[in-house]
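# Breakdown of the fold
Next come the chains, spelled out residue by residue.
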Amino acid sequence: MKLIIDTDPGIDDAMAIAYAAAAPEIDLIGLTTVFGNTHVHQSSRNARFLLHKLGIDAPVAEGAPHRRGADSHTPSEHVHGPEGFGDITEIPQVGSNHTMTAAEFLVDQAREHKGELVVCAVGPLTNIADAMQLDPEFAGNIKRLVIMGGAVFCPGNITEHAEANIYNDALAADAVFASPPDTVLVGLDVTLKTLYANADFEALAARSADMGGFLRDISKFYLKFYKDIGGLEGCGLHDSTAVIACTHEPMFEMVETGLRVVAEGTQIGATRPDTGRPTVRVCRDVDGAGVVSLFTDRVASLP
Ligand code: RIB
Ligand code: CA
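Residues numbered from 1 in each chain as written. Chains lettered and ligands numbered in written order. Predicted model: local features only at pLDDT ≥ 70, side-chain atom pairs only at ≥ 80, totals over all residues. Heavy atoms only, no water.

Across its full length, the protein chain carries 13 helices and 12 strands. The principal-axis extent of the C-alpha atoms belonging to the protein chain is close to 50 × 40 × 40 Å. Of all 303 residues assigned to the protein chain, the portion counted as buried reaches 59%. Sequence separation of 24 or more characterises 80% of the internal contacts of the protein chain that already satisfy a separation of 6 or more. (Helix = DSSP H or I, 4+ residues; strand = E, 2+ residues; numbered from the N terminus. Buried < 20%, exposed > 50% of the residue type's maximum accessible area, 1.4 Å probe, protein only. Contact = heavy atoms within 4.5 Å.)

Following this line, the structure appears as structure tokens:
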């Protein structure tokens, strides 16, 4: 499967990119970056560093620095650390970004791999909405859009009502759901059923010293956040679960519904069913233990 991950690495984004690198079904043809967990220039630096570490020669195209209608962004340093990788703050600059913007790269690759390309968006949906605006054929050219975002049947994480990726650009998310491609939504409804605990990271690092060890090291900060905020003994495999949904749909129970995103007020970012809109497939349940063990087995195959 030809895959582009639109990402804001980010600790769980790093895990998802490592999973994609290890998955034999996936041909990772590039990463596009977006603001979110970090500033976008940090997302791009981290994305290039990860690809280099994974030995993947694929481009990184930088995208939006902030949500639609804003002129700046405040990253989630308290969740992902000051540089996006927890306590690890010395991250080398490796290579340089693609000359195209993220939206241009998405449009270009969708044309080149018409009907084949899957886009997995694991950050705010700004780049996806921009690509749809840049090329009205984009939605029809891709095979599928798989989104990590939303909390349709459960409470949010950034507010009581909203999940972070959707909240961070509610206008862009609503624009995507207004005329979606073939879309699967992988929200907190399922990603909080894929908790990955400290012991899982240690077991992973024992099997994969370099990449597994790196993920264990950056995750300590993330695990502490989950423990302090929710009393949880593990972090959700949010972005990895979305990548797994690209290739392993039978592990998910889905319902079809249209979606609308609340764009203002106290419930901004809430993702609600709307029967007047084109349907997307919303994941409502998952084989969480299966996702955890697939993630471990695949990533453990990396050096
Ligand atoms: O709500 C979880 C999502 O927000 C993940 O994509 C995480 O990386 C953050 O961006
Ligand atoms: Ca993310």
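Having seen it, we continue.
Now for helix H12 (residues 238-247). Residues spaced three or four apart along an α-helix face the same direction, because each turn holds 3.6 residues. Where burial is concerned, most of H12 is hidden: 9 out of the 10 residues are buried. Of the residues making up H12, those classed as buried are His238, Asp239, Ser240, Thr241, Ala242, Val243, Ile244, Ala245 and Cys246.

This part is about the coordination of the calcium ion (ligand 2). For the calcium ion (ligand 2), the full set of protein donor atoms is Asp8 (OD), Asp13 (OD), Asp13 (OD), Val122 (O) and Asp239 (OD), and the range of their distances to it is 2.3 to 2.6 Å. Read from N- to C-terminus, the donor residues coordinating the calcium ion (ligand 2) fall into the pattern D-x4-D-x108-V-x116-D. One end of the pair, aspartate 13, is in helix H1 (residues 11-22); the other, valine 122, is in the loop between strand E4 (118-121) and helix H5 (126-134), with 109 residues separating them in the sequence. No difference in accessibility class separates aspartate 13 from valine 122, as the two residues are buried. (Donors = N, O, S within 2.8 Å, 3.2 Å for Na, K, Ca; no water.)

Turning our eyes to something else, we now look at the nonpolar core. With 63 residues, the main nonpolar core has Leu3, Leu215 and Phe295 as its most contacted residues. Sort the elements by how many residues they give to this core and H1 lands first, with 9 residues. Not counting residues up to four positions away in its chain, the partners in contact with phenylalanine 295 are Met15, Tyr19, Tyr196, Leu204, Leu215, Leu237, Ser240 and Ile244. Ranked by size, the runner-up nonpolar core spans 33 residues in total, among them Phe105, Ala110, Leu125 and Ala173. (Core = buried A, V, L, I, M, F, W, Y, C linked by side-chain atoms within 4.5 Å.)

So, about the site of ligand 1. With respect to spatial proximity, 13 residues lie near ligand 1, and among them Asp12, Asn157, Glu163, Asn165 and Asp239 are the closest. Within the side chain of aspartate 13, a nitrogen or oxygen atom sits 2.9 Å from an oxygen atom of ligand 1. A distance of 2.8 Å separates an oxygen atom of ligand 1 from a polar atom in the side chain of asparagine 165. When ligand 1 sits alone it has 270 Å² of accessible area, and the protein chains cover 96% of it. Listed by contribution, the elements that provide at least two residues to the shell around ligand 1 are H1, helix H7 (164-168) and H12. Split by residue class, the shell around ligand 1 holds 3 nonpolar, 5 polar and 5 charged. (Near = heavy atom within 4 Å. Polar contact = N/O pair within 3.5 Å; in protein donor to acceptor, adjacent residues only side chain to side chain. Areas by Shrake-Rupley, 256 points an atom, 1.4 Å probe, with all protein chains shown as cover. Nonpolar A, V, L, I, M, F, W, Y, C, P; charged D, E, K, R; others polar.)

Our next topic: the packing of aromatic side chains. In total, this model carries 8 aromatic pairs according to the counting rule given. Here phenylalanine 49 and phenylalanine 85 contribute two aromatic rings whose centre-to-centre distance is 6.3 Å and whose plane-to-plane angle is 50°, an arrangement assigned as tilted. Note that phenylalanine 49 is positioned in helix H2 (residues 40-54) and phenylalanine 85 in the loop between helix H3 (77-80) and helix H4 (102-112), a separation of 36 residues in sequence. Both residues of the pair, phenylalanine 49 and phenylalanine 85, count as buried. (Phe/Tyr/Trp six-rings, centres within 6.5 Å; stacked < 30°, edge-to-face > 60°.)

This part is about helix H13 (residues 288-299). Spanning 12 residues, H13 covers 17 Å between terminal C-alpha atoms, matching the ideal 16 Å at 1.5 Å per step. The buried fraction of H13 is high, at 9 of 12 residues. The complete set of buried residues in H13 reads Gly288, Gly290, Val291, Val292, Leu294, Phe295, Thr296, Arg298 and Val299. (Expected span 1.5 Å × (residues − 1).)

A few words on a nonpolar patch on the surface. There is a patch of nonpolar side chains on the surface, built from Leu192, Leu195 and Leu232 and spanning about 200 Å² of accessible area. Relative to the elements of secondary structure, leucine 232 occurs in the loop between helix H11 (211-230) and strand E8 (235-236). (Patch = residues over 30% accessible without salt bridge, like charges linked within 9 Å, V, L, I, M, F, W, Y side chains within 5 Å. Salt bridge = Lys/Arg side-chain N within 4 Å of Asp/Glu carboxyl O.)

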